[in-house]
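Single-letter residue listing:
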Amino acid sequence: MMKSHTLTNRLWSKYFWLVLMWLAIALSIEFSLYRLVGSLSEDIPRLYGSYALRSLYFILSSLLIVGVCHTKAVKKQRQEGGLCAGKAPWRKHQSLLAIGIFLLNFLFLSLLFLAPSLFSTLAFEGSLVETLSAIFFFVGSAVLGTKFCGIVRKRFPNKILVMVGLGCLTFIFFVIAMEEVSWFQRVLEFETPETFSRNLQGEFNIHNFATKMFENAFYTGAFVCLIGLPFLYSVSAIPQKLKGLEVFLGSRFTLCVSSLLVAYNYHYWNSFSTQLPYFLTLLVLASLSRLGGTQKTRRMYMAFLCMLVMTQLSFFLQGDAMSRLWDATEYKEFFIALGFLLYSFDVRRNLLLYV
């Protein structure tokens with residue numbers, strides 16, 4: 001027992017120094033090129049010289065992170081005869097939905113090349129893309145809120161934590177939806193209060209007081225929730241002490257179709273919080289395609305991986321045709337909203353099995 005404890009301490013010490021070294025290198029790169037936070041500023045993608053070497057560093061870092069998780073998952077697969085998390089094949093309606101989202105993404109890219117003005121028009125405030133994003137969050141909030149009310153009188157393990165989690169998600173989804181539509185200011189046609197007139201768009205919302213901060217936090221949070229955590233759960237990297245809270249983890253299906261959110265980048269491409277999620281997601285999809293499941297789902301993972309590469313390349317090649325540098329982010333937020341809508345149904349289904 002003492003030897004096991006000593007071995008664990010050595011491993012923790014080893015990983016601690018490796019992480020510390022990685023952070024030191026990453027921070028030195030960021031400081032030399034951007035003075036740490038400069039990469040969060042709006043700019044055209046920089047793909048040359050030291051910027052390309054920086055991207056290569058992020059690729060190698062992503063390879064290391066996903067590679068370690070994948071290797072451990074393969075070992076566990078051999079020992080136990082298969083992964084228990086996310087092993088079930090996709091249902092027919094899931095496969096059809098994935099194909100539909102795949103084709104929708106292809107349509108968006110076609111507009112970028114063939115009708116860039118229309119691509120930008122659809123991204124304007126109050127347009128179709130933003131409206132659908134708000135609707136997805138409203139529906140997701142309603143799904144979780146209804147489930148919250150349905151389990152109030154039931155008894156089950158970790159009830160308080162589950163109820164708090166459901167309540168927080170319901171509230172957060174609702175607030176995000178209201179922020180998307182500026183709390184229905186354009187519909188109700190009321191004047192912007194003087195306090196809010198000072199934000200970036202002069203509209204009745206909070207996020208435009210610190211747009212960069214809210215956007216990067218939103219995009220990073222979406223990656224962690226929709227892609228990062230489901231992958232870690234699939235490869236059995238979630239600590240056992242969180243057992244019971246896996247009801248809040250999305251499915252592999254939601255991970256796959258949500259992955260498109262990481263590829264809609266142009267003016268924020270230079271940000272480390274954009275590049276790392278992008279490269280990590282590519283490798284996550286490659287890992288999942290090798291870890292089992294039906295041949296059909298494996299092909300779907302690879303199809304979405306190829307679509308991520310094609311989507312990002314499309315913005316590198318054609319991004320300057322957009323009316324505004326940030327038009328791509330409206331589509332990014334569309335796929336985030338769609339991902340969280342699917343995630344809300346994942347949580348609902350998990351609770352039906354758990355409660």
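Summarised in this report is the structure supplied together with it.

1. Quick word on the packing of helix α5 (residues 128-150) against helix α6 (residues 159-180)
- At a minimum axis distance of 8 Å, the contact between α5 and α6 shows a crossing angle of 160°. The angle between the axes of α5 and α6 places the two elements in the roughly antiparallel class. Helix-helix and strand crossings are classified by hand; for α5 and α6 the assignment is left-handed. Every residue of α6 that contacts α5 at Glu130, Ser133, Ala134, Phe137, Phe138, Gly140, Ser141, Leu144, Gly145, Lys147 and Phe148 is listed here: Met163, Leu166, Gly167, Leu169, Thr170, Phe173, Phe174, Ile176, Ala177, Met178 and Glu180.

2. Some remarks on the packing of aromatic side chains
- In this structure the tally under the stated criterion is 28 aromatic pairs.
- Ring geometry for Trp90 and Phe253: centres 5.2 Å apart, planes at 85°, overall edge-to-face. Of this pair, Trp90 sits in the loop between α2 (49-80) and α3 (92-114) while Phe253 sits in helix α9 (residues 252-258); the two residues are 163 residues apart in sequence, bridging distant segments of the chain. As far as burial versus exposure is concerned, Trp90 and Phe253 are alike and both buried.
- Seen in terms of ring centroids, Phe136 and Phe334 are 5.5 Å apart; in terms of plane orientation they differ by 55°. Their pairing is tilted. One end of the pair, Phe136, is in helix α5; the other, Phe334, is in helix α12 (residues 327-354), with 198 residues separating them in the sequence.
- Taking the relative accessible area as the measure of exposure, Phe334 reaches 4% and is therefore buried.
- Through a chain of ring-to-ring contacts, the aromatic side chains of Phe108, Phe119, Phe136, Tyr264, Phe315, Tyr331, Phe334 and Phe335 assemble into a single cluster.

Cut-off values and rules
- Residues numbered from 1 in each chain as written.
- Predicted model: local features only at pLDDT ≥ 70, side-chain atom pairs only at ≥ 80, totals over all residues.
- Heavy atoms only, no water.
- Axes fitted to C-alpha atoms, helices over the stretch in contact; angles between N-to-C directions.
- Helix = DSSP H or I, 4+ residues; strand = E, 2+ residues; numbered from the N terminus.
- Parallel < 35°, antiparallel > 145°, perpendicular 65-115°, else oblique.
- Left-handed = near helix turned anticlockwise from the far one by under 90°.
- Contact = heavy atoms within 4.5 Å.
- Phe/Tyr/Trp six-rings, centres within 6.5 Å; stacked < 30°, edge-to-face > 60°.
- Buried < 20%, exposed > 50% of the residue type's maximum accessible area, 1.4 Å probe, protein only.

These figures capture arrangement, not role.
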